[in-house]
Amino acid sequence: PNSQLRVSLLSNFEFRVFFRPPMAAPLHQPLAFEPLCMERVWGGRRLEEAFGRQLPPGATVGETWEIVDRPEAQSVVRGGPLAGRTLHELWTQRRAEIFGEDLPDAPRFPLLCKWIDACERLSLQVHPPAEVCPLLHGEPKTELWYVAHAEPGAELFAGLVPGVTRDEFEDGLREGHAADCVQRLPVQGGDAMFLPSGRLHAIGAGLIIAEVQQNSDTTYRVFDWNRPGLDGRPRQLHVAESLLSIDWDDHSPALCPGDAGVLVDCPCFRVERLALDAPQPALAVKAGRFAICTVLAGQVECNGASFGVGDWFLVPASLDEAQLTPTPTTRPASVLRTTIPPEAA
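Report on the accompanying structure. (Residues numbered from 1 in each chain as written. Predicted model: local features only at pLDDT ≥ 70, side-chain atom pairs only at ≥ 80, totals over all residues. Heavy atoms only, no water.)

### Some remarks on the packing of aromatic side chains
In this description, an aromatic ring pair is defined by two values, namely the gap between the centres and the angle between the planes.
Logical step 1: Per the stated rule, a full pass over the model turns up eleven aromatic pairs.
Logical step 2: Relative to F290, the ring of F109 lies with its centre 5.5 Å away and its plane at 65°, an arrangement referred to as edge-to-face. With F109 in the loop between α3 (95-99) and β7 (111-118) and F290 in the loop between β18 (280-281) and β19 (291-297), this pair connects stretches of sequence that are 181 residues apart.
Logical step 3: Here F109 falls in the buried class, since its relative accessible area comes to 0%.
Logical step 4: Judged by relative accessible area, F290 falls into the buried class, the value being 1%.
Logical step 5: Relative to W225, the ring of F157 has its centre 5.6 Å away and its plane inclined at 55°; by these criteria the two rings are tilted. Here F157, found in strand β10 (residues 155-160), pairs with W225, found in the loop between β15 (220-223) and α6 (239-245); they are 68 residues apart in sequence, far enough to count as distant. (Phe/Tyr/Trp six-rings, centres within 6.5 Å; stacked < 30°, edge-to-face > 60°. Helix = DSSP H or I, 4+ residues; strand = E, 2+ residues; numbered from the N terminus. Buried < 20%, exposed > 50% of the residue type's maximum accessible area, 1.4 Å probe, protein only.)

### A word on unusual backbone geometry
Logical step 1: Its identity is not glycine, yet H137 carries a phi of approximately 60°, on the positive side.
Logical step 2: The topology assignment puts H137 in the loop between α4 (133-136) and β9 (143-150).
Logical step 3: By relative accessible area, which is 74% here, H137 ends up exposed.
Logical step 4: Phi is positive for S252, close to 55°, though the residue is something other than glycine.
Logical step 5: Along the polypeptide, S252 turns up in the loop between α6 and β16 (262-265).
Logical step 6: Since its relative accessible area comes to 33%, S252 is described here as partly exposed.

Structure below.
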């Protein structure tokens, strides 16, 4: 009588039916979720080879949404006592146990985590700052990119070239060379870039990126390299919205320091890169919060569950004794660890 069935749309091509156990089931291991595949004009098939992902046949997959709680896209627990439950149910019904105390009073889980496979350049775009959102009816989006793989010559676009003004950028849009106004940063695997709302940016071709962001899907495209979309027609641009959102004082931002353990610690999220030569606590010391872990290299065990390269998993706040342990055959391993800092509440 306490059980239900739920049908989950994993992509445009596949349905699965999940058995839903009672929500009171105790937790002893991390939570893993079914990824959601997103077709993009600039995507490809490399996530199959890189991470062994099952992608919809013939689809040009640009993103897999790994942890998401949105009306149009919902993560579903894969395996364990809560298999079939949605992230939104966990957030609304077991928040303190799974995510911790003193969290932001948000109706939905505040983060969205994804893999990006950029076989071609993404559009030149911007996300609106919080102070502009009421005017544009959008959502702010601050994000972090971690480069998991980079082809030779790969680059990121972020911020304005020194001295570029709004007038010069608008001239570049009209004349078709707006990209010349944006800073280009050569990158390789292990590099990371912080992108607060308002920073003009684009991901270059030949990159696989782990992205941690605010739970938002507001993106304003200002230039799309004059290419057609999946339907053969040019994709919609949002020039007026972009010009209102761009931080015109944002010149020459730098990559995150290469030797940094903490890549970013901002009001929206804290992301660390951990090298695992020996077991380490899965949860940040004294944080009292959940942790989302992304395996970048090697294989990691946590409370009896095993995870490989490309896997994302959520360590509930209640598992305060959980350890991240590299397997002997893959030591050293490395992971990203993401949480929400206490100051965000």
